[in-house]
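As a plain string of letters, each chain reads:
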Amino acid sequence: MSEADPAAKPQRPFDRIGGREPIARMVDRFYDLMDSEPDFAELRAMHGPDLAPMREALTDFLIAWMGGPRDWFEKHPGACVMSAHRAMPGMNYAVATQWVVAMQQAAKETIPADPDFVDSMVSAFAGMSKSMAANAGQADNH
Ligand code: HEM
């Protein structure tokens, strides 16, 4: 058994996943699935016709959420993803489940080498999505 180096910093999820590229690939696959699979039609209908801005926005958000560069938060000072989603028209458990299922499939396909990481990330997304749906329709405040 080796002793942990007390000076070592805990590894950021951003480093464990391998930086920006794997996150961008996962997000691209997520929106490709949403755009093509009938099971995700209700979720797709909540989005605008052009998904390109969302591909960039969700990638930037997840990079920051995983401890990487914080460009998304710098572009959206004071923004709260949770309260913005609760206030979205059409938010409910059905679309929340579609979001998690699509993201789980995208993550499994694009990060096949690290299933433990995928499981903990998807669990976190499931908790967030459930809370977004549970509090749907509430005013956009904290
Ligand atoms: C409950 C399931 C979810 C639904 C139905 C949903 C729906 C949406 C929709 C419709 C948009 C586009 C809004 C627009 O056109 O401006 C969007 C954007 C976004 N969503 Fe979600 N979402 C869900 C879960 C999540 C989760 C769990 C996260 C974070 C891990 C997330 C992060 C984002 C981000 C960062 C954007 C882009 C915001 C921006 O920069 O403009 N969403 N979502």
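For clarity, every value in this text was computed on a predicted model and none was experimentally measured. (Residues numbered from 1 in each chain as written. Predicted model: local features only at pLDDT ≥ 70, side-chain atom pairs only at ≥ 80, totals over all residues. Heavy atoms only, no water.)

1. Looking at helix α4 (residues 52-65)
Then comes step 1: Under the 1.5 Å per step criterion, the end-to-end length of α4 is 20 Å for 14 residues, consistent within 8% with the ideal 20 Å.
Then comes step 2: Those residues of α4 not exposed but buried are Leu58, Thr59, Asp60, Phe61, Leu62, Ile63 and Ala64.
Then comes step 3: On its buried face, α4 sits against α1 (13-17), α2 (20-36), α5 (71-75), α6 (81-86), α7 (93-110) and α8 (115-134).
Then comes step 4: Looking one or two residues past α4, Gly67 carries a phi angle of roughly 95°, positive in sign. (Helix = DSSP H or I, 4+ residues; strand = E, 2+ residues; numbered from the N terminus. Expected span 1.5 Å × (residues − 1). Buried < 20%, exposed > 50% of the residue type's maximum accessible area, 1.4 Å probe, protein only. Contact = heavy atoms within 4.5 Å.)

2. Focus on the site of the ligand
Then comes step 1: Close to the ligand lie 21 residues; His47, Ala57, Trp72, His85 and Trp99 are nearest.
Then comes step 2: A distance of 2.8 Å is found between a nitrogen atom of the ligand and a side-chain nitrogen or oxygen belonging to His85.
Then comes step 3: Between a nitrogen atom of the ligand and a side-chain N or O atom of Trp99, the distance comes to 3.4 Å.
Then comes step 4: The set of elements that each furnish at least two residues to the shell around the ligand consists of α4, α6, α7 and α8.
Then comes step 5: Element by element, the count of residues in the shell around the ligand is highest for α4, at five residues.
Then comes step 6: Class assignment for the residues of the shell around the ligand results in 17 nonpolar, four polar and no charged. (Near = heavy atom within 4 Å. Polar contact = N/O pair within 3.5 Å; in protein donor to acceptor, adjacent residues only side chain to side chain. Nonpolar A, V, L, I, M, F, W, Y, C, P; charged D, E, K, R; others polar.)

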